[in-house]
Amino acid sequence: MIALIDCNNFYASCERVFNPRLRHKAVIVLSNNDGCVVARSNEAKALGIGMGVPVFKVKDIIERNGVEVLSSNYALYGDMSQRVMQTIATLVPDMEVYSIDEAFLDLSNFKLHDVEKLAHEIRQRVWQWVGISISIGIAPTKTLAKLANHLAKKNTKYNGVCWLKDRNKIDEILQTFPVGEVWGIGRQMTAKCNSFGINTAYQLTQKGDAWIRGNFTIVGLRTVQELRGIACIELQQNFVAKQSICTSRSFGKMISDFDPLAEAVTNFAVRCAEKLRQQKSVANNITVFINTNRFRNDLPQHSQSVVITMPVASSSSQEIVNYAIKALKSIYKNNYQYKKAGVIVSGIVEESSVQTSLFDDVDREKQSKLMKTIDLLNHKMGKDTVYISRQKSDKIEWKNRRDKLSPSYTTRWDDLIEAKASEEITPYNRIKKSEND
DNA sequence: TCTGGGGTCCTAGGACCC
DNA sequence: TCTGGGGTCCTAGGACCC
């Protein structure tokens with residue numbers, strides 16, 4: 001038995017925990033650069049604000065209904081996510097944290113008659129300890145647990161917990177479940193299914209394996225098997241190092257000059273190097289890409305990327321920055337307005353298994369000590385306390401827009417909430433006051 | 001005016017080998 | 001006229017996820 005826990009309207013819910021004024025109101029949270037809508041409270045969904053739409057397209061709805069608009073505050077959401085996960089782990093330790101707001105649980109160690117009670121206990125505890133409401137789907141496979149979760153979220157009759165107990169119940173549900181809502185079936189596969197007259201999840205499960213494989217590859221077949229109750233996607237409980245790491249941003253405004261572009265790329269490269277060191281990895285390849293604004297048909301377009309393979313795999317900020325700048329120089333062109341850039345490190349291996357080069361002229365021992373010291377300082381004293389000079393100039397042209405950022409309530413001392421008790425409302429004062437009167 | 005960021009996995013096809 | 005058969009490895013690009 002597998003459970004999928006998913007936080008309801010996660011980013012919007014996080015904002016509400018510390019700002020009660022937002023409760024019972026339509027709230028939306030925007031993507032980086034205040035570009036698109038990435039989270040909506042139920043009230044905002046009801047107003048017809050779609051997921052992923054650019055804000056400027058729903059400006060009317062926002063103004064007419066007084067929708068509360070917030071920039072995304074990842075420091076807050078990341079910390080709240082950890083609290084949710086830690087709370088769940090107090091009841092079920094066998095857990096895979098699947099995304100910032102989702103976790104799969106292995107319930108095979110629990111007795112069947114305890115499952116429903118356990119699920120409600122998890123909901124209650126997360127709500128009480130963290131202030132976030134969650135939905136829980138329970139089923140024999142990950143894909144079915146996802147589906148159950150979907151139902152738990154959509155139908156209030158489930159009271160937040162949907163358990164697909166047996167095959168009959170599962171089939172009954174699948175017969176009305178749109179095939180496109182199934183986890184792993186995206187836009188392309190949905191269109192193809194529909195063109196074959198397959199509209200429900202059940203219809204898909206009735207097709208032959210060979211047919212499914214032929215049309216939807218092994219990936220599609222796995223999804224169908226999971227719908228049939230045969231587990232093909234295992235719970236991943238151990239830490240797995242990433243195979244590629246990307247840091248990229250759209251800019252607050254477009255950039256033409258090389259220097260500010262290089263400043264941005266330097267920062268992205270430093271972040272990639274930090275993420276590498278965090279997971280004790282080194283990378284062999286560095287990709288740098290730059291894009292002009294693809295929505296501006298009136299401007300000349302230039303999008304290009306280039307991969308550089310380093311002589312020796314590395315996680316040194318200095319080294320990765322040097323190669324990234326070299327890469328940028330090779331693709332940068334004058335007279336274009338760039339909107340976005342990014343750095344990807346790939347060909348990732350454990351730092352303990354580095355293949356050295358006979359002609360290596362870098363003192364790796366020294367670099368490694370330097371990076372450890374920098375990481376320590378930056379962790380203790382704040383991000384970029386020690387930085388590479390190219391990371392910061394007086395110009396900050398490439399920075400993001402985050403106009404509606406909420407405080408980092410849980411991760412910055414300066415942003416801690418102050419609670420003030422009014423004289424009028426405390427019970428103690430009320431008694432004192434009446435005594436005086 | 002304004003349009004996110006970060007991942008994984010799979011396949012097809014080319015390059016190369018004998 | 002007619003041009004083998006069987007592999008491996010790598011990469012770009014597509015599809016999917018949150």
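Up top you'll find the structure we're talking about.
Residues numbered from 1 in each chain as written. Chains lettered and ligands numbered in written order. Predicted model: local features only at pLDDT ≥ 70, side-chain atom pairs only at ≥ 80, totals over all residues. Heavy atoms only, no water.

Participant: What is the right way to read the nonpolar core from this model?
Facilitator: The nonpolar side chains of soluble globular proteins are, as a tendency, buried together. Counting 36 residues, the largest nonpolar core has F251, L261, I286, V288, L328 and V343 as its most contacted members. Within the residue set of this core, elements represented by two or more residues are β9 (244-255), α11 (258-278), β10 (281-292), β11 (303-314), α12 (317-331) and β12 (338-350). Not counting the four nearest positions on each side in its chain, L261 is found in contact with F251, I255, I290, L328, Y332 and Y338. (Core = buried A, V, L, I, M, F, W, Y, C linked by side-chain atoms within 4.5 Å. Buried < 20%, exposed > 50% of the residue type's maximum accessible area, 1.4 Å probe, protein only. Helix = DSSP H or I, 4+ residues; strand = E, 2+ residues; numbered from the N terminus. Contact = heavy atoms within 4.5 Å.)

Participant: I keep staring at a nonpolar patch on the surface and nothing clicks. Help me out?
Facilitator: A surface patch of nonpolar side chains, about 250 Å² in accessible area, is lined by L377, M381 and V386. Note that L377 resides in helix α13 (residues 364-381). By relative accessible area, which is 36% here, L377 ends up partly exposed. (Patch = residues over 30% accessible without salt bridge, like charges linked within 9 Å, V, L, I, M, F, W, Y side chains within 5 Å. Areas by Shrake-Rupley, 256 points an atom, 1.4 Å probe, with all protein chains shown as cover. Salt bridge = Lys/Arg side-chain N within 4 Å of Asp/Glu carboxyl O.)

Participant: Would you mind going over helix α4 (residues 74-89) with me for this structure?
Facilitator: An α-helical turn contains 3.6 residues, so any two residues separated by three or four positions project in the same direction. Spanning 16 residues, α4 covers 22 Å between terminal C-alpha atoms, matching the ideal 22 Å at 1.5 Å per step. Residues of α4 that are buried include every one of L76, Y77, D79, M80, S81, V84, M85, T87 and I88, and no others. The elements touched by buried residues of α4 are β1 (2-7), α1 (10-18), β2 (27-30), β5 (95-99), β6 (102-106) and α5 (112-130). (Expected span 1.5 Å × (residues − 1).)

Participant: In this structure, what is going on with the sheet that holds β1? I would like to understand it.
Facilitator: Read from one edge of the open sheet, five strands run β5-β6-β1-β7-β8, paired in mixed fashion. This sheet does not close on itself; its edge strands, each paired only once, are β5 and β8 (161-163). Across the sheet, the mean angle from the axis of one strand to that of its neighbour is 15 degrees, orientation sign disregarded. Note: strand β7 (residues 134-139) against β8, three bridges, orientation parallel. Residue pairing in the sheet places I138 in a bridge with W163 of β8. The sheet contacts of helix α6 (residues 142-154) involve β1, β5, β6, β7 and β8, and relative to β7 the element is tilted by about 140 degrees. (Pairing = 2+ DSSP bridges. Axes fitted to C-alpha atoms, helices over the stretch in contact; angles between N-to-C directions.)

Participant: Just to check I follow, could you spell out helix α10 (residues 209-227) for this structure?
Facilitator: A rise of 1.5 Å per residue sets the reference length of α10, with its 19 residues, at 27 Å; its end C-alpha atoms lie only 13 Å apart and thus fall more than 12% short of the reference. By the largest-angle criterion, F216 marks the main kink of α10, which is about 125 degrees. Turning to α10, its buried residues are I212, F216, G220, L221, T223, V224, Q225, E226 and L227. Buried positions along α10 lie against α6, α7 (167-174), α8 (187-195) and α9 (201-205). One or two positions beyond α10, positive phi appears at G229, with a value near 100 degrees. (Bend = angle between axes of the 7 residues up to and from the residue.)

Participant: Teacher, can you tell me more about unusual backbone geometry here?
Facilitator: With the exception of glycine, the majority of residues adopt a negative phi angle, and the majority of peptide bonds are in the trans configuration. Notably, T217 is not glycine yet its phi reads approximately 60 degrees, a positive angle. Since its relative accessible area comes to 42%, T217 is described here as partly exposed.

Participant: Help me understand the sheet that holds β2 in this model?
Facilitator: Sheets are built from strands paired through backbone hydrogen bonds, the pairs being either parallel or antiparallel. Strand order in the open sheet formed by three strands is β3-β2-β4, with mixed pairing between adjacent strands. Edge positions in the sheet fall to β3 (37-40) and β4 (68-70), since each has one partner strand and no second. Strand-to-strand twist in this sheet, taken as the mean axis angle between neighbours without regard to direction, amounts to 25 degrees. Here three bridges tie β2 to β3, and the two strands are oriented antiparallel to one another. Its bridge partner lying in β3, L30 is registered against V37. Where α1 meets the sheet, its contacts fall on β2, β3 and β4, and the angle it forms with β2 comes to roughly 115 degrees.

Participant: Sorry if this is basic, but what is going on with the pattern of salt bridges here?
Facilitator: Side chains that carry opposite charge are capable of pairing whenever their charged atoms lie near each other. This model, assessed by the stated rule, comprises 18 salt bridges. Among the ionic pairs, R16 bridges to E43, the shortest N-O distance being 2.9 Å. Of this pair, R16 sits in helix α1 while E43 is found in helix α2 (residues 42-46), placing the two residues 27 residues apart along the sequence. Judged by relative accessible area, which is 28%, E43 ranks as partly exposed. Residues joined by salt bridges that share partners form a network here, namely R21, K25 and E68.

Participant: Is there a simple way to think about the packing of aromatic side chains in this case?
Facilitator: In this description, a pair of aromatic rings is defined by centroid distance and the angle of the planes. For the structure shown, the criterion picks out 13 aromatic pairs. Centre to centre, the rings of F10 and Y11 are 6.0 Å apart; their planes meet at 55 degrees, and the pair counts as tilted. Just as F10 is buried, Y11 falls in that class too. Residues F18 and Y409 carry aromatic rings whose centres are separated by 4.7 Å and whose planes lie at 15 degrees to one another, so their mutual orientation is stacked. (Phe/Tyr/Trp six-rings, centres within 6.5 Å; stacked < 30°, edge-to-face > 60°.)

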